[in-house]
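Listed below, chain by chain, are the residues.
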Amino acid sequence: MVPVNTVLRRRRQELILGGALLVVLAVLPLAISSDYLRGLIVLTLLYAGLSQGWNILGGYCGQISLGHGLYFGIGAYVSTVLYVDYAIPPTLGLFAGAALAGLAALLVGWPCFRLSGHYYAIATLVMGLIALLLVNNWDFVNAARGITIPFRHQSWVALEFRFPNFPFQYVMLAYAALAWIIAWIVEGSRWGFVWRAVKDDAVAARSLGVRIFPSKMAAAAISGAVVGVGGALYAQYVGFIDPDSGLGLSLSVLIALPAVVGGVGTLWGPLLGAAVLIPVQQLSGAWLGGAGNGVDLMFYGALIVALALLRPQGLVSLFARRPAKAAEEAHAG
Amino acid sequence: MTASLVLQVAIGGLLMGLVYALVAAGLSLIFGLMDVVNFAHGQLLMLAMYAVFEFHTLLGLDPLVQLPLVAALLFVLGVAIYRGLIARALAVRFNTGMVQIFVTFGLSIFLVGFAQLVFGTDFRSVNSGLLFGRTVAIGQIVLPLPQIAAGLVCLLAFAALMLIARTEFGRALEATREDRDAVALIGIDRNRIFSLGWGIGAATVGIAGVMLASFYYISPTVGDSFALIAYVTVALGGFGSLIGALIAGLLIGLTEAMTALVIDPSLKQIGVFMIYVLVLMVRPRGLFGRL
């Protein structure tokens, strides 16, 4: 057992570290003049936030979802439709998107949480695909053609910018920080402890009186809502949403990967994973796969395999020597 | 909508269902044996189809003649994947379930890239051969010969798989599934059984790929939709159950064909997914699953 004081001190240190990083990341855009790099930062921060959202359900609670593209898509479509058809600015629309994404996560969780392990992963994958298929044939949201958000005027309220890469660095930084602080809060909350207990040994947790189903549902709702916000912001950033970019299976995997590579169930894992994966993915796509020749996919696939095999506990373990060792001992014992 | 049209579509759906069943059987075998879901299963199918196309174009081999050749190639590939990646993934001490998912997922991305590099992104098809373009007419029902052959061969392969399950090796499989540590005490080499399981699982999907290649387009991502149907088939039939995969495959083939006929071809998978959700609600372990 770790003394309570140590835990509290560590949590405070993490908060200070997070704040310091926030300041650094807030100054960083001022030093960057390349628009390409800005775009890279936007995407990295977006995926740091998305994956942190996934991490709440997949990491802390241990329910490996392969259907989080669904919540991203709901956030993106809800805010886009509200803006384009009803002139409600996305800064408000994203709340509606987040709420509906959280609700959808509850609806998906209701049947799927009766399953565990691979059964659960495949069920979530199928749920995502059902949504993809339906939206592909739903004329109200332009079916497979997607929705283009017309540029009207420069505005922070509508998150519309003539040159979106610079301001969106701050939008996505706020998003990643929000996701991080939510994870920090739940990590120390009663739910956080319940989720870790459910993840480690669901039977033992139940025998101690933990009500597993409601705790999983809570994790799903928070996780879905955080990812929904990311979807809304992304749609506004690129000004376009269609079923493939908003709901595809590869998106669901992309949302989960940074957390998996960085370290599941950790505060810093999703951020670290995104900081490694997104630049690698974008740069390898530009350098190796210019003609769509597939080398970039081979490289990316091999990287995922290698990282999963060589660093199963995630890249964060490279930095935190002692906690990793403690976890190792806990596993062995 | 005439009765003969409905019957024709239904038989076509069932024949496709046999192909789905065989693809799912390979997946189910591997899962039942070692609790590993192979997310690169569709890519194995895709590679088998490209092998058929290349052997056909380069050597002029008829797809049917290639059956043993491609099945053997896929067997070797399956063993290699187990030895090279899966055995390592199983030995990992952290997050074993997650590592296994993302190792096979990474492999699937790698294989799609490999196919793009080697075979290109153009859609291919095998446009000649013993079966190509022929049809069989029974009364008013007209069925293409390649589909009939695919259904029959897959059924045969399925029967062979059921027979294997009854042999000494099959019992060793069963024992390894029950308790992978205890079998070592009675002289069963776990690694060898797992390798063979992967070999056989990949070979069955190879056979399905050969038969598909004579009437289906070939592209680097052709495996995706088949793999998805295979996951649903396995979940519907019950993980690890061969007979469940067969029944579920037939059910899915039929549902898909009927949804396409009655509602809309672009929504043909909706019927399949609806059945899946229904089973999920009523019987989460699947039709024949042991949970």
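The rules behind these values
Residues numbered from 1 in each chain as written. Chains lettered and ligands numbered in written order. Predicted model: local features only at pLDDT ≥ 70, side-chain atom pairs only at ≥ 80, totals over all residues. Heavy atoms only, no water. Helix = DSSP H or I, 4+ residues; strand = E, 2+ residues; numbered from the N terminus. Buried < 20%, exposed > 50% of the residue type's maximum accessible area, 1.4 Å probe, protein only. Contact = heavy atoms within 4.5 Å. Lys, Arg positive; Asp, Glu negative; His and termini not counted. Charge placed at Lys NZ, Arg CZ, Asp CG, Glu CD. Expected span 1.5 Å × (residues − 1). Bend = angle between axes of the 7 residues up to and from the residue. Polar contact = N/O pair within 3.5 Å; in protein donor to acceptor, adjacent residues only side chain to side chain. Buried area = accessible area lost by both parts, 1.4 Å probe. Salt bridge = Lys/Arg side-chain N within 4 Å of Asp/Glu carboxyl O. Nonpolar A, V, L, I, M, F, W, Y, C, P; charged D, E, K, R; others polar. Core = buried A, V, L, I, M, F, W, Y, C linked by side-chain atoms within 4.5 Å. Axes fitted to C-alpha atoms, helices over the stretch in contact; angles between N-to-C directions. Parallel < 35°, antiparallel > 145°, perpendicular 65-115°, else oblique. Left-handed = near helix turned anticlockwise from the far one by under 90°.

### Here's the deal with the overall build of chain B
And then number 1: If you tally the helices and strands in chain B, you get 11 helices and two strands.
And then number 2: If you list the helices and strands of chain B from N to C, you get α-α-α-α-β-β-α-α-α-α-α-α-α.
And then number 3: Its C-alpha atoms put chain B at 60 × 50 × 35 Å along the principal axes.
And then number 4: Here chain B, with 291 residues, has 56% of them falling under the buried criterion.
And then number 5: Taking all contacts inside chain B whose residues are at least 6 apart in sequence as the whole, residues at least 24 apart take part in 76%.
And then number 6: When the 15 basic and 13 acidic side-chain charges of chain B are each reduced to a single mean position, those positions are 5 Å apart.

### Digging into helix α2 (residues 35-60) of chain A
Residue and element names in this part refer to chain A.
And then number 1: End to end, α2 covers 36 Å across 26 residues, agreeing with the expected 38 Å (1.5 Å per residue, within 8%).
And then number 2: Of all the bends in α2, the greatest measures close to 40° and is centred on Trp54.
And then number 3: Burial analysis of α2 places 23 of its 26 residues in the buried class, which makes it a mostly covered element.
And then number 4: The N-cap residue of α2 is Ser34: its side-chain oxygen and the backbone nitrogen of Tyr36 are 3.3 Å apart.
And then number 5: Residue Gly62 follows α2 closely and has a positive phi angle near 75°.

### Description of the interface of chain A and chain B
And then number 1: Listed as interface residues are 44 residues of chain A and, on the opposing side, 46 residues of chain B.
And then number 2: Interface of chain A and chain B: buried area, both sides summed, is about 4200 Å²; carbon and sulfur atoms make up 81% of it.
And then number 3: Ranking the residues of chain A by area buried against chain B places His118, Tyr119 and Met298 of chain A at the top, with a combined share of 16%.
And then number 4: Counting every contact that joins chain A to chain B gives zero salt bridges.
And then number 5: Taken together, the links from chain A to chain B amount to two residue pairs in polar contact (both at pLDDT 80 or more).
And then number 6: When contributions to the side of chain A that touches chain B are tallied by element, the ones reaching two or more residues are α2, α4 (90-112), α5 (117-136), α11 (249-262), α13 (295-310) and α15 (321-332) of chain A.
And then number 7: Among the elements that take part in the side of chain A that touches chain B, α5 of chain A stands out by supplying 12 residues, more than any other.
And then number 8: A class-by-class count of the residues in the side of chain A that touches chain B yields 33 nonpolar, nine polar and two charged.

### Some points on unusual backbone geometry
And then number 1: Even without being glycine, Ala87 of chain A reaches a positive phi, approximately 55°.
And then number 2: One can find Ala87 of chain A in the loop between α3 (69-86) and α4.
And then number 3: The exposure class of Ala87 of chain A is exposed, given its relative accessible area of 57%.
And then number 4: Despite not being glycine, Asp35 of chain B shows a phi value in the positive range, around 60°.
And then number 5: Along the polypeptide, Asp35 of chain B turns up in the loop between α1 (3-34) and α2 (41-59).
And then number 6: Looking at Asp35 of chain B, the relative accessible area reads 48%, which means it is partly exposed.

### Considering the nonpolar core
And then number 1: Ranked by size, the top nonpolar core spans 208 residues in total, and within it Tyr47 and Trp54 of chain A together with Phe102 and Tyr276 of chain B carry the most contacts.
And then number 2: Sort the elements by how many residues they give to this core and α1 of chain B lands first, with 16 residues.
And then number 3: In this structure Phe102 of chain B touches Val253, Ala256, Leu257, Val260 and Ile304 of chain A, once residues within four positions along its chain are discounted.

### Notes on the packing of α2 of chain B against helix α4 (residues 96-119) of chain B
Residue and element names in this part refer to chain B.
And then number 1: Contact geometry of α2 with α4 gives a least axis separation of 10 Å together with a crossing angle of 20°. Taken together, α2 and α4 sit at an angle that is classed as roughly parallel. The interaxial crossing formed by α2 with α4 has left-handed handedness. Counted together, Gln43, Met46, Leu47, Tyr50 and Glu54 of α2 and Ser108, Leu111, Val112, Phe114, Ala115 and Phe119 of α4 form the full contact between these two elements.
And then number 2: Within the contact of α2 with α4, the residues separate by chemical class into eight nonpolar, two polar and one charged.

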